[in-house]
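# Summary of the model geometry
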Amino acid sequence: MTETGAELLADILDSYGFKRVFGNPGTTELPMIDAFSESDIDFTLGMHEDIAVGMASGYAMKKQDMNNSNPVSFVNLHTTPGLLHGSGNIYNAKRNNAPVIITTGSQSNTHEDRNPSLSGSRKSSIQDQVKWAREVSSADELPSVFRKAYRRSVSPPSGPVYLDIPMNVQNQLTDQEPVQVGEIQTSEHPSNVDSFQSLVSDDDEVVIFVGDAVRIEGNSSVEEVVRLSEYLDADVYGEILMSRTCFDFSHPNWKGGLKHKSSPQTVCDEADVVIEIGCISNTPLVEMDFAPYKCDSCVITQSLDSASKNGHADLTYVGSIEHICQQINDVMTLRHPQDSESNTTDIDGSLSVPVSYESFNNSLTTCLNDSSNLFEEGVTVGSDLRPSINSNFNFYSTKGGGLGYGMPGSVGVQLAEQDYRQESNYTISLIGDGSLQYYPQTLYSANQYIESSLTFLVPNNNGYEILKDDERKDETYLNFDGNLNVTGIADNYGVASEVFESGSLVDDINKHVSQEEPTLLEVPVIKE
């Protein structure tokens, strides 16, 4: 069958099982948009390219956690300016190991040489923020190039890739057909467990740092890491800026996630052995004393990219985290009986505004369970949330640190719930009043495409407090003046909203998550 390159791309997406694509297209992408419109693929519009990338990233992260057979998402941006507009969340997608295929249309090759509007060096401008970048030179090579892009995106460590598809390629006729991706297996490197047993003695105090790669690999990897922590009777901490549910948060060994301005050294000074498992970003946001661990150390990682990158490791395992931990566990004996009590939190009953960060976070975690999703971009409030997490839920966050990821990411997470579950779970988007102002137009996409429970929970401290954390000489010079009409913004996009005033915050949050539509709840908060 002869068809255009754009029509072939739609066929490829359909054959790979893509139900939805994201984008903010323009004239150079119209052949692709027309082809998508003739297929069964849903198009999700973001009112800014960075929103489209953020939604696609959240969608991919959720599909990874569902162990979906196709964990990749697809986003289409508008040539050079659109790619650059989306670069902030392309960076975040890379840091979050989100497998996203990013595409742009562009002027035809011959016309691009004439330097028209919208032209530019797209590949060179983005290649540092993706795993692989390529311009498609003909419609005939689309099947093989897309297959390569897909495989590179999902291969550990997973992440975004980029394809530029000029208009002449989109319109070119071809008789090629989709090429299936084929099976991709995680390496099962044999582990020398004798070395591990030599490193850790029976009376050693052990600290384990767990990272996002544990969860990205799958639930069974989390289970093996929990099992290892039990054998070692180890205290377990989440890596700095963890953005996945990389451990059993209700387990007594779980001690919380590290704050973004803390050093791992602060929790392991008394340790005899430190083990990093699947860590990607266990480095403080700001420069501080970060010498190699003063004790013996072991790294278990999916790839050499992450192996002992911040200092010496006495022992390093590279490969499948699940299989490495399983081999170690199979020869270990339980060192100490486990405390059967799980972590619990005392909840304040009736609250008045402004609500303290602690009371806010305690109320929020009470509303979360094994099937709920939390996408956190609260920055100052969220920094206090990580160390206090003590219940199980599906956790997502902005690992790259760039703001403007949380709101669109949460829309992507909930769209994956809608697309791949008969009864979708609910998602809470924890978004600070400062972060909210990056991409409030995300509410447009939420209102247009979400038909299930998505709650935007806005702790409002009227201050953009992150700029006040470092004892600046003059806080008034770059001071955010609050009094933002948060509910007014939501109303303008057709999203039902209200402000918490007093009573049970738990009840109010639960009321919102029970709605089968996007809603917004603003909570005035204060740091005490």
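For the structure itself, look to the data block above.
Report follows, based on the coordinates. All values reported here derive from a predicted model rather than from experimental measurement. (Residues numbered from 1 in each chain as written. Predicted model: local features only at pLDDT ≥ 70, side-chain atom pairs only at ≥ 80, totals over all residues. Heavy atoms only, no water.)

### So, the pattern of salt bridges
Under the counting rule described, the total for this entry stands at 13 salt bridges. A salt bridge links Glu 417 to Lys 62; its shortest N-O distance comes to 3.4 Å. Pair noted here: Glu 417 is in helix H16 (residues 406-420) and Lys 62 is in helix H3 (residues 49-65), with a separation of 355 residues, a long-range link. The partner of Arg 386 in a salt bridge is Glu 376, and the shortest N-O contact between them spans 3.1 Å. On the criterion of sequence distance, the pair formed by Arg 386 in helix H15 (residues 380-388) and Glu 376 in strand E17 (residues 373-377) is long-range, its members being 10 residues apart. The buried category is assigned to Arg 386, whose relative accessible area is 5%. Each member of the salt-bridge network shares a partner with another, and the members are Lys 62, Glu 417 and Arg 421. (Salt bridge = Lys/Arg side-chain N within 4 Å of Asp/Glu carboxyl O. Helix = DSSP H or I, 4+ residues; strand = E, 2+ residues; numbered from the N terminus. Buried < 20%, exposed > 50% of the residue type's maximum accessible area, 1.4 Å probe, protein only.)

### Notes on the packing of aromatic side chains
As enumerated under the stated definition, the model contains 16 aromatic pairs in all. Plain terms: the ring middles of Phe 36 and Phe 74 are 6.0 Å apart, the flat faces sit at 90° to each other, and that makes the pair edge-to-face. Placement of Phe 36 in helix H2 (residues 30-37) and of Phe 74 in strand E4 (residues 73-77) is noted, with a sequence separation of 38 residues between them. Comparing Phe 36 with Phe 74 shows no difference in burial state: the two are buried. In this structure an aromatic cluster arises from ring pairing among Tyr 16, Phe 18, Phe 36, Phe 74, Phe 146 and Tyr 150. (Phe/Tyr/Trp six-rings, centres within 6.5 Å; stacked < 30°, edge-to-face > 60°.)

### What to know about the sheet that holds strand E2 (residues 20-24)
On the basis of which strands lie adjacent, the open sheet formed by six strands has the order E3-E2-E4-E5-E7-E6 and parallel pairing. Every other strand in the sheet has two partners, leaving strand E3 (42-45) and strand E6 (133-135) as the edge strands with one partner each. Going across the sheet, the axis of each strand differs from the next one's by a mean of 25°, ignoring polarity. As paired strands, E4 and strand E5 (residues 100-106) are joined by five bridges and run parallel to one another. Bridging across to E5, Asn 76 finds its partner in Thr 103. (Pairing = 2+ DSSP bridges. Axes fitted to C-alpha atoms, helices over the stretch in contact; angles between N-to-C directions.)

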